[in-house]
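The chain contents come next:
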Amino acid sequence: AQTVTQSQPEMSVQEAETVTLSCTYDTSESDYYLFWYKQPPSRQMILVIRQEAYKQQNATENRFSVNFQKAAKSFSLKISDSQLGDAAMYFCAYRSGGSNYKLTFGKGTLLTVNP
Amino acid sequence: NAGVTQTPKFQVLKTGQSMTLQCAQDMNHEYMSWYRQDPGMGLRLIHYSVGAGITDQGEVPNGYNVSRSTTEDFPLRLLSAAPSQTSVYFCASSPRTYSYNEQFFGPGTRLTVL
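Residues numbered from 1 in each chain as written. Chains lettered and ligands numbered in written order. Predicted model: local features only at pLDDT ≥ 70, side-chain atom pairs only at ≥ 80, totals over all residues. Heavy atoms only, no water.

### Examining the interface of chain B and chain A
The test is simple: Residue contacts follow a heavy-atom distance rule, with two residues in contact if any of their heavy atoms lie within 4.5 Å. By definition, the buried area sums, over both parts, the 1.4 Å-probe accessible area that each loses when the two are put together. By salt bridge we mean one thing: a side-chain nitrogen of Lys or Arg within 4 Å of a carboxyl oxygen of Asp or Glu. Going along the chain from the N terminus, every DSSP run of H or I of four or more residues is numbered as a helix, and every run of E of two or more is numbered as a strand.
Each partner contributes to the interface: chain B provides 28 residues, whereas chain A provides 21 residues. In this assembly, chain B packs against chain A so that about 2100 Å² is buried in total across both faces, 52% of it on carbon and sulfur atoms. Linking chain B with chain A are zero salt bridges, by the criterion used here. Listing elements by their share of the side of chain B that touches chain A, those giving two or more residues are β4 (31–38), β5 (42–51), β9 (87–94) and β11 (109–113) of chain B. With four residues, β5 of chain B is the largest single contributor of residues to the side of chain B that touches chain A.

Right, here's the structure in full:
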């Protein structure tokens, strides 16, 4: 079974600065997808960014980017120019390729943004 | 589109009571699933369905039943609630057109079992 580990229960960053959230995963599969979800205090789960394992290029969505290291099984999220609205719980998630739609989540990292 | 809707938003039960958490989606998504979120545990998969009439167990299925009679609805039943089922429950859906699919989450139901 796959496992996802987020080793930082809490992180903080100053507004306008950059922060990196860590995620590692364990799998024997070669075809899979990785996701970062954001959960603000409203508790709505919001997809931030996603990465296909077969793509070497790191995904980027505006101020959010990932550092995908397939051999190291690492998938970190970098938030640039942090904003107060980025404060939330962030979850890393893994999904096998093919017709398996099940997500395996890490335990989350609570990000605080200080003004 | 309303997306994924869940009712109720909050619920308090007594031990032994039964209830059904409702989940509906209007996006014609084949895949639907239920997760529970507990402090420090992330989200864990309870049950899922790949289409009407087809359901299967996830990581933590004990104490929960599901059925999928229509594409739109995927209710989660607690037959005899226990304090260990106190949690926030999320329903999610996605299409099966290709593998990269994003899963769309509902707003969640906070359940407390006394």
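This is not the end of the story, as more comes after the structure.
### Notes on the layout of surface pockets
This is how it is decided: For cavity detection a 1 Å grid was placed over the protein atoms alone, and a set of points counts as a cavity when a 1.4 Å probe fits there but cannot get out; an open set counts as a pocket when protein lies on both sides within 12 Å along at least five of seven lines, with lining residues being those that have an atom within 4 Å of a point. Grid points are joined across faces, edges and corners, and a volume is the space filled by probe spheres set on the points. Each residue receives one of three labels: charged for Asp, Glu, Lys and Arg, nonpolar for Ala, Val, Leu, Ile, Met, Phe, Trp, Tyr, Cys and Pro, and polar for the others, Gly being one of them.
Of the pockets and cavities examined, the largest pocket occupies roughly 430 Å³. Mapped onto the lining of the largest pocket, the elements with two or more residues apiece are β1 (3–5), β10 (88–96) and β11 (103–105) of chain A together with β5 of chain B. In the lining of the largest pocket, the residues fall into eight nonpolar, eight polar and six charged. By volume, the second largest pocket is sized at about 340 Å³. Surrounding the second largest pocket, 19 residues form its lining, Gln-39 of chain A together with Gln-37, Pro-39, Val-88 and Arg-110 of chain B being those nearest its centre. Looking at the lining of the second largest pocket, the elements that each hand over two or more residues are β10 of chain A together with β4 and β9 of chain B. Of all the elements, β10 of chain A adds the most residues to the lining of the second largest pocket, at three residues. Classifying every residue of the lining of the second largest pocket by side-chain character gives eight nonpolar, seven polar and four charged.

### Points about the packing of aromatic side chains
What counts, and what does not: Side-chain rings of Phe, Tyr and Trp, where Trp is taken by its six-membered ring, are said to pair if the distance between their centres is within 6.5 Å; with planes under 30 degrees apart they count as stacked, over 60 as edge-to-face, and otherwise as tilted. For every residue, the accessible area obtained with a 1.4 Å probe (protein chains only) is divided by the maximum for its type, and the residue is called buried under 20%, exposed over 50%, and partly exposed between those limits. Counted as over-ring charges are cases with an Arg CZ or a Lys NZ within 6 Å of the ring centre that also lie within 35 degrees of the ring normal.
Tallied over the full model, the rule gives 16 aromatic pairs over all chains. Centre to centre, the rings of Tyr-25 of chain A and Tyr-32 of chain A are 5.3 Å apart; their planes meet at 65 degrees, and the pair counts as edge-to-face. On the accessibility criterion, Tyr-25 of chain A (5% relative accessible area) is buried. Both rings, one in Phe-68 of chain A and one in Phe-75 of chain A, keep their centres 6.3 Å apart while their planes meet at 80 degrees; by these two values the pair is edge-to-face. The exposure class assigned to Phe-68 of chain A is buried, which follows from its relative accessible area of 7%. Owing to a relative accessible area of 0%, Phe-75 of chain A belongs among the buried residues under this scheme. Counting every residue linked through ring pairs, the aromatic cluster contains Phe-35, Tyr-37, Phe-91 and Phe-105 of chain A together with Tyr-35, Phe-90 and Phe-105 of chain B. A cation sits over an aromatic face here: Arg-43 of chain A above Phe-10 of chain B, 5.2 Å from the ring centre.

### Thoughts on the environment of Asp-81 of chain A
Residue and element names in this part refer to chain A. If you trace the backbone, Asp-81 turns up in the loop between β9 (74–79) and β10. Asp-81 sits in the partly exposed class, given a relative accessible area of 40%. Measuring from C-alpha to C-alpha, the distance between Asp-81 and Thr-3 comes to 30 Å, with 78 residues separating the pair along the chain. Ignoring sequence-local partners within four residues, the contact set of Asp-81 consists of Ala-16, Glu-17, Thr-18, Arg-63 and Asp-86.

### Some words on unusual backbone geometry
Residue Pro-8 of chain B is bonded to the preceding Thr-7 of chain B through a cis peptide linkage, with omega at -5 degrees. Secondary-structure assignment places Pro-8 of chain B in the loop between β1 (4–7) and β2 (10–13). You will see that Arg-43 of chain A, though not glycine, has its phi angle at about 70 degrees, which is positive. For Arg-43 of chain A, the position within the fold is in the loop between β5 (32–39) and β6 (46–52).

### Quick notes on the environment of Thr-5 of chain B
Of note, Thr-5 of chain B is situated in strand β1. Once residues lying within four places of it in the same chain are set aside, the contact partners of Thr-5 of chain B are Gln-22, Cys-23 and Ala-24 of chain B.

None of the figures reported here should be taken as evidence of function without further support.
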